[in-house]
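Structure assessment
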Amino acid sequence: MKILFTIELHVLNLLFPFDRCIPFRYRNSNEADDVKFGKVVEVLMITSTSGPGLLFPKGGWENDETVEEAAVREAIEEAAVRGDLLDFIGFYSFKSKTHQDEFSPEGLCKAAMFALLVKEELSSWPEQSTRMRNWLTIPKALQSCRHEWMKDALENGFCKWLAQNK
């Protein structure tokens, strides 16, 4: 089953040239949190270079890398975090003005989403001058998402995955 899934992802590398990850960490709760005991999950979002709202790290695949490798690379380049890529969360469709062409006048795109457990935060990174990092609780992240499809990925993809993997 895993081999078939890996083959499907490699074929999809050619069809859907975007990857994203939802970087997350666990932090001990405190009095300011809605949760009184236990751990709080925070997700890492980054500022957009083209307008308001926050995004998850994303990018395209290079010819010599897998979709998983691309997700890890983009997390380092855009958000300066390293960690363990745990699971594939799903595919999410969106429209991109920069990818409108004769083959897709609407700019339809699809991104593969992964959960990335952050183990290290780097102090400098390639896009440091154009992006800021923001650690947010899931409710705050849902309010801050720039795009509806990202809210869907967070709420219906990541949160469901998280509940199944606790």
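Residues numbered from 1 in each chain as written. Predicted model: local features only at pLDDT ≥ 70, side-chain atom pairs only at ≥ 80, totals over all residues. Heavy atoms only, no water.

All right, on to the overall build of the protein chain then. Looking only at helices and strands, the protein chain features four helices and seven strands. Reading the protein chain from its N terminus to its C terminus gives the helix and strand order α-β-β-β-β-α-β-β-β-α-α. Taken over 166 residues, the protein chain has a buried fraction of 43%. Taken as a whole, the protein chain presents about 9700 Å² of accessible surface, with 53% of it coming from carbon and sulfur. (Helix = DSSP H or I, 4+ residues; strand = E, 2+ residues; numbered from the N terminus. Buried < 20%, exposed > 50% of the residue type's maximum accessible area, 1.4 Å probe, protein only. Areas by Shrake-Rupley, 256 points an atom, 1.4 Å probe, with all protein chains shown as cover.)

Let us now look at helix H2 (residues 67–79). Here H2 is 13 residues long and its end C-alpha atoms lie 18 Å apart, about the 18 Å a rise of 1.5 Å per residue gives. Among the residues of H2, Val67, Ala70, Ala71, Arg73, Glu74, Ala75, Glu78 and Ala79 are the ones counted as buried. At the C-terminal side of H2, Ala80 shows a positive phi close to 60°. (Expected span 1.5 Å × (residues − 1).)

Okay, the pattern of salt bridges next. On inspection of all chains with the given rule, the structure shows nine salt bridges. Between Arg82 and Glu120 there is a salt bridge whose closest N-O contact spans 3.5 Å. Of this pair, Arg82 sits in strand S5 (residues 81–95) while Glu120 is found in strand S6 (residues 108–121), placing the two residues 38 residues apart along the sequence. It is possible to trace a salt-bridge network through shared partners that takes in Arg25, Arg27, Glu42, Glu121 and Arg133. (Salt bridge = Lys/Arg side-chain N within 4 Å of Asp/Glu carboxyl O.)

So, about the nonpolar core. Residues Phe24, Val43, Phe56, Leu154 and Phe158 are the most contacted members of the largest nonpolar core, which totals 39 residues. With eight residues, the top contributor of residues to this core is S6. When near neighbours in sequence (up to four residues on either side) are disregarded, Phe158 contacts Ile22, Phe24, Val41, Val43, Ile89, Ala115, Ile138 and Ala153. (Core = buried A, V, L, I, M, F, W, Y, C linked by side-chain atoms within 4.5 Å. Contact = heavy atoms within 4.5 Å.)

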